[in-house]
Amino acid sequence: MTAPAGTALIRDDLLERDRSDPLAPFRDRFRLPEGVIYLDGNSLGPPSMNIGTRIGALLADEWGSDLVASWNRHGWFRLPERVGTRLAPLLGAGGDEVIATDSVSVNLFKLLAALLRRPGPGRVVLAEDTNFPTDLYMAEGLVSLLRESGARLRLVPPADFEGALGPDVSVATLTQVDFRTGRKHDLRRLTALAREAGIPIVWDLSHSAGAFPLRLNDDRVEFAVGCGYKYLNGGPGAPGFLYVAREFQQSLDTPLSGWMGHRAPFDFETRYRPAAGMRRFLTGTPGILSMVALEEGLRTFDGVDMEALRAKSEELGNVFLRLADERLTGFGVEAVSPRGARERGSQVSLRHPDAYPVMQALIARGVVGDFREPDLLRFGFAPLYVRYADVWDAVETLRDVLACEEHRAPRFQHRDAVT
Ligand SMILES: *Cc1c(COP(=O)(O)O)cnc(C)c1O
């Protein structure tokens with residue numbers, strides 16, 4: 001930091017950081033409302049500046065002029081692979097190892113089922129009990145479907161996960177970055193540990209992809225899924241992605257054997273035959289509007305040095321935690337994210353007993369984070385558009401809300417469906 005250790009930070013230090021930030025120009029790629037500090041890109045990334053033009057062109061020059069011929073003429077049929085190939089460098093994967101399709105929930109189901117169906121002594125699906133609920137719900141649904149074959153779900157606290165990698169486990173699933181605390185797992189170490197035990201891990205990279213560089217090939221990751229609408233800026237409900245290391249692609253059979261994953265969908269055969277490569281993990285017709293929006297979201301990463309992105313992400317989190325220490329003492333706020341930047345994703349969470357109304361009051365002041373049960377204030381730092389000075393302003397606004405007890409106002413108590 002500009003300020004020496006032991007000296008309190010001031011806003012000017014952070015403005016200086018912004019002036020020398022090599023990623024600062026990328027903020028212009030996003031459409032962000034005036035006066036809003038957006039710290040919720042870990043829940044829904046903002047639209048890129050070009051999204052309107054791109055969707056407009058899709059309507060005018062493709063769908064609106066060539067109609068159904070667009071499937072061939074404009075490459076719609078191959079779009080899930082094309083988007084996957086564009087995403088692959090962010091994952092450290094081969095272009096033929098990634099495909100954009102379906103939601104994270106559905107993709108996780110496909111991979112867990114494909115792995116659980118393989119012959120072997122293990123019948124247990126292993127997961128951390130702190131995992132994102134949809135991952136647990138999908139695993140629960142899967143084992144109930146296969147209960148007669150002895151399939152079971154075992155949920156363990158994170159501290160017990162490694163010890164639970166026993167011979168009765170068929171497949172494990174882990175989310176790399178915990179959605180509550182931001183704690184980041186060591187992908188490489190855990191993948192190696194599980195491989196030694198003969199257990200595949202399906203990684204959920206929803207809070208990883210686009211938040212920091214990934215090296216799935218180098219880290220010998222075998223299977224992964226992830227989200228398109230968070231750090232990848234693909235738009236609400238954007239397709240998720242699925243990664244399968246090349247050596248496993250031909251031996252895995254998805255249980256959701258839809259026609260788009262067929263070897264020759266337009267032969268209209270009676271029996272299913274899986275496509276070669278990643279296409280077999282497609283199910284039904286892809287949503288082309290969302291797929292194009294995701295492709296546009298991925299373009300926000302064009303030319304971005306991912307190491308610089310990670311360095312800034314770590315610093316934004318460090319500054320936030322430091323300011324929380326310096327400026328929020330005595331307000332009942334406690335940091336729950338790891339202090340060490342290496343052990344964190346790109347978010348920081350604070351605990352406060354009135355977290356829900358506090359977040360509503362913050363949002364009303366233009367600082368957008370989110371609330372997670374039971375008492376978490378969550379702040380995401382997407383380095384392509386969050387500025388150092390934003391971190392200062394966010395903490396000062398939070399301090400003001402707490403000091404004035406603004407969150408006690410009745411209008412901040414109402415609970416909406418999405419928090
Ligand atoms: C956001 C997120 C999801 C989202 O799942 P969808 O089915 O795409 O809605 C799943 N898992 C994790 C860990 C997430 O953070």
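Heads up: the structure comes first, above all this text.
So, a few notes on the structure that sits alongside this text.

**What to know about the overall build of the protein chain**
Of regular secondary structure, the protein chain possesses twelve helices and 13 strands. Against the 2.2 N^0.38 benchmark of 22 Å for 419 residues, the protein chain shows a C-alpha radius of gyration of 22 Å, consistent with a compact globule. Seen along its three principal axes, the alpha-carbon backbone of the protein chain occupies a region of about 70 × 55 × 45 Å. Taking all 419 residues of the protein chain together, the buried fraction comes to 55%. With the model as given, the accessible surface of the protein chain reaches about 17,800 Å², and the carbon-plus-sulfur share is 53%. The distance from the centre of the 50 positive side-chain charges to the centre of the 56 negative ones in the protein chain is 3 Å.

**Brief notes about the sheet that holds strand 3 (residues 124–128)**
One open sheet holds the seven strands; their spatial order is 2-8-7-6-5-3-4, and the pairing between them is mixed. Edge strands, defined here as strands with exactly one partner in the open sheet, are strand 2 (98–101) and strand 4 (152–156). Within the sheet, the average angular offset between the axes of one strand and its neighbour, ignoring direction, is 20°. Two strands pair when backbone bridges link them, and strand 6 (residues 201–204) and strand 7 (residues 223–226) are joined in this way by three bridges, in the parallel orientation. Bridge assignment links Asp-204 to a residue of strand 7, and that residue is Val-225. Here helix 5 (residues 104–116) sits on the sheet and contacts strand 2, strand 3, strand 5 (169–175), strand 6, strand 7 and strand 8 (240–244); the angle it forms with strand 7, its principal contact strand, is near 165°.

**Some points on the layout of surface pockets**
When its volume is computed, the largest pocket comes out at roughly 420 Å³. Around the largest pocket sit 17 residues that line it, and Lys-184, Phe-212, Pro-213, Arg-215 and Arg-342 are the ones nearest its centre. Of all the secondary-structure elements, those providing two or more residues to the lining of the largest pocket are helix 7 (187–196) and helix 10 (306–327). Here the residues of the lining of the largest pocket are counted per class, giving five nonpolar, two polar and ten charged. When its volume is computed, the second largest pocket comes out at roughly 310 Å³. Along the wall of the second largest pocket there are 14 residues; nearest its centre are Ser-43, Asp-370, Arg-372, Val-418 and Thr-419. At the level of secondary structure, the elements contributing two or more residues to the lining of the second largest pocket comprise helix 11 (355–364) and strand 12 (370–372). If you tally residues by element for the lining of the second largest pocket, the top one is helix 11, at three residues. Residues of the lining of the second largest pocket, tallied by class, amount to six nonpolar, four polar and four charged.

**Concerning the sheet that holds strand 10 (residues 347–351)**
Strand order in the open sheet formed by four strands is 9-10-13-12, and the pairing between neighbours is antiparallel. In the strand order of this sheet, the two ends are held by strand 9 (334–335) and strand 12, each with one partner. Where strand 12 and strand 13 (residues 376–380) come together, three bridges link them in antiparallel fashion. Looking at strand 13, one finds that Asp-370 is bridged to Arg-378.

**A closer look at the site of the ligand**
Taken together, the neighbourhood of the ligand is formed by Ser-103, Val-104, Ser-105, Phe-132, Thr-134, Asp-135, Thr-175, Asp-204, Ser-206, His-207, Tyr-229 and Lys-230. The side chain of Ser-105 places a nitrogen or oxygen atom 2.5 Å from an oxygen atom of the ligand. At 3.0 Å from a nitrogen atom of the ligand is found a side-chain nitrogen or oxygen belonging to Asp-135. Within the complex, the protein chains bury 89% of what would otherwise be the 390 Å² of accessible surface of the ligand. Of the residues assigned to the shell around the ligand, the class counts are three nonpolar, six polar and three charged.

**Concerning helix 2 (residues 51–66)**
The end-to-end C-alpha distance of helix 2, which contains 16 residues, comes to 21 Å, matching closely the 22 Å that a straight helix rising 1.5 Å per residue would cover. Along helix 2, the residues classified as buried are Ile-51, Arg-54, Leu-58 and Glu-62. Where the residues of helix 2 are buried, they touch helix 3 (70–73), helix 4 (79–91) and helix 9 (288–299). Leu-67 occupies a position one or two residues after helix 2 and carries a positive phi of about 45°.

**Thoughts on empty space enclosed by the protein**
Tallied over the full model, the rule gives two cavities of 30 Å³ or more. A volume near 60 Å³ is recorded for the largest cavity. Residue lining of the largest cavity: Gly-41, Gly-210, Lys-230, Tyr-231, Asn-233, Phe-301, Leu-309, Ala-382, Pro-383, Leu-384 and Tyr-385, and that is the complete set. Across the lining of the largest cavity, the residue classes tally to seven nonpolar, three polar and one charged. As for the second largest cavity, its lining consists of Arg-27, Leu-32, Val-36, Ile-37, Tyr-38, Tyr-385, Val-386 and Asp-390. Considering only residue class, the lining of the second largest cavity consists of six nonpolar, no polar and two charged.

**As for helix 7**
Residues spaced three or four apart along an α-helix point in a common direction, a consequence of the helix completing one turn every 3.6 residues. Among all positions of helix 7, only Leu-187, Leu-190, Thr-191 and Ala-194 are buried. The buried side chains of helix 7 occupy one side of the element, clustering within an arc of 100° when seen end-on. Residues of helix 7 that are buried in the fold lie against strand 5 and strand 6. The N-terminus of helix 7 is capped by Asp-186, whose side-chain oxygen sits 3.2 Å from the backbone nitrogen of Arg-188. In the segment just after helix 7, Gly-198 is the residue with positive phi, at about 75°.

**What to know about the side chain of Thr-175**
Along the chain, Thr-175 turns up in strand 5. Side chain to side chain, Thr-175 and Asn-131 meet in a polar contact 2.6 Å long. Not counting residues up to four positions away in its chain, the partners in contact with Thr-175 are Asn-131, Asp-135, Arg-183, His-185, Trp-203 and Asp-204.

How each quantity is defined
Residues numbered from 1 in each chain as written. Predicted model: local features only at pLDDT ≥ 70, side-chain atom pairs only at ≥ 80, totals over all residues. Heavy atoms only, no water. Helix = DSSP H or I, 4+ residues; strand = E, 2+ residues; numbered from the N terminus. Rg over C-alpha atoms; globule rule 2.2 N^0.38 Å. Buried < 20%, exposed > 50% of the residue type's maximum accessible area, 1.4 Å probe, protein only. Areas by Shrake-Rupley, 256 points an atom, 1.4 Å probe, with all protein chains shown as cover. Lys, Arg positive; Asp, Glu negative; His and termini not counted. Charge placed at Lys NZ, Arg CZ, Asp CG, Glu CD. Pairing = 2+ DSSP bridges. Axes fitted to C-alpha atoms, helices over the stretch in contact; angles between N-to-C directions. Contact = heavy atoms within 4.5 Å. 1 Å grid on protein atoms, 1.4 Å probe; cavity = no way out; pocket = protein on both sides within 12 Å on 5 of 7 lines; lining within 4 Å. Points joined across faces, edges and corners; volume = space filled by probe spheres on them. Nonpolar A, V, L, I, M, F, W, Y, C, P; charged D, E, K, R; others polar. Near = heavy atom within 4 Å. Polar contact = N/O pair within 3.5 Å; in protein donor to acceptor, adjacent residues only side chain to side chain. Expected span 1.5 Å × (residues − 1). Arc of directions from axis to C-beta.

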